[in-house]
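Examining the three-dimensional arrangement
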Amino acid sequence: QVQLVESGGGLVQPGGSLRLSCAASGRIFGFNDMGWYRQAPGKERELVAGVSSSGITTYADSVKGRFIISRDNTKNMVYLQMNGLKPEDTAVYYCNMDLQRFRGFSDGFTRENYWGQGTQVTVSS
């Protein structure tokens, strides 16, 4: 099993910055793609940024140029640096892991998905 714990959320003024951290522990052997999602009240959960096991990144159009996702595989950590925060960025931010394990040449890969508890980010004056 895998456990994900987010930290770094809080209250910040528009234009400010926050750095979110996600610590992964447990059986993380295999290829894992990490992502940050967010969900505001009454809205669907959306992908904010993702980083593959090889370091390839992707961002939602709404955060391009403002957010940066990174990972430190030696520490089993993933980060989300958020700059130029806007009120519409207010949401609960969740860390996600998509884990692929190789089961053999005949069986191929299996996939597991894990979520953290979330950390609140509030952007307000």
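Up top is the structure these notes are about.
Residues numbered from 1 in each chain as written. Predicted model: local features only at pLDDT ≥ 70, side-chain atom pairs only at ≥ 80, totals over all residues. Heavy atoms only, no water.

Here we take up the state of the cysteines. Under the definition given, this model contains one disulfide. With its sulfur 2.1 Å from that of its partner, C22 forms a disulfide with C95. Between C22 and C95, the disulfide has an S-S torsion of -85° and is therefore left-handed. You can see C22 sitting in strand 3 (residues 18–26) and its partner C95 sitting in strand 9 (residues 91–102), a full 73 residues away along the chain. On the accessibility criterion, C22 (1% relative accessible area) is buried. (Disulfide = S-S within 2.5 Å. Helix = DSSP H or I, 4+ residues; strand = E, 2+ residues; numbered from the N terminus. Buried < 20%, exposed > 50% of the residue type's maximum accessible area, 1.4 Å probe, protein only.)

With that out of the way, let us pick up the sheet that holds strand 8 (residues 77–82). Strand order in the open sheet made by the four strands is 1-3-8-7, with antiparallel pairing throughout. Two strands bound the open sheet, and with one partner strand each, they are strand 1 (2–7) and strand 7 (67–72). Recorded for the sheet is a direction-independent mean angle of 15° between the axes of neighbouring strands. As paired elements, strand 7 and strand 8 share six bridges and run antiparallel to each other. Paired with S70 across the bridge in strand 8 is Y79. (Pairing = 2+ DSSP bridges. Axes fitted to C-alpha atoms, helices over the stretch in contact; angles between N-to-C directions.)

Quick look at the packing of aromatic side chains now. Taken as a whole, this structure holds four aromatic pairs when the rule is applied. For the pair Y37 and W115, a centre-to-centre distance of 4.9 Å together with 65° between the ring planes defines the contact as edge-to-face. Of this pair, Y37 sits in strand 4 (residues 31–39) while W115 sits in strand 10 (residues 109–115), and the two are 78 residues apart along the sequence. We classify Y37 as partly exposed; its relative accessible area is 22%. An aromatic cluster of three or more residues is present, and its members are Y37, Y94 and W115. (Phe/Tyr/Trp six-rings, centres within 6.5 Å; stacked < 30°, edge-to-face > 60°.)

What follows concerns the pairing of strand 9. Burial within strand 9 is extensive, with ten of its twelve residues counted as buried. As judged from the nine bridges shared by strand 4 and strand 9, these two strands associate in the antiparallel manner. Residue pairing across strands places Q39 opposite V92, the latter belonging to strand 9. With three bridges connecting them, strand 9 and strand 11 (residues 119–123) associate as antiparallel partners. Within strand 11, the position partnered with V92 by the bridge is Q120. Between the antiparallel neighbours strand 9 and strand 10 lie six residues, among them G104 with a positive phi of about 125°.

Read these as geometric descriptors, not functional statements.
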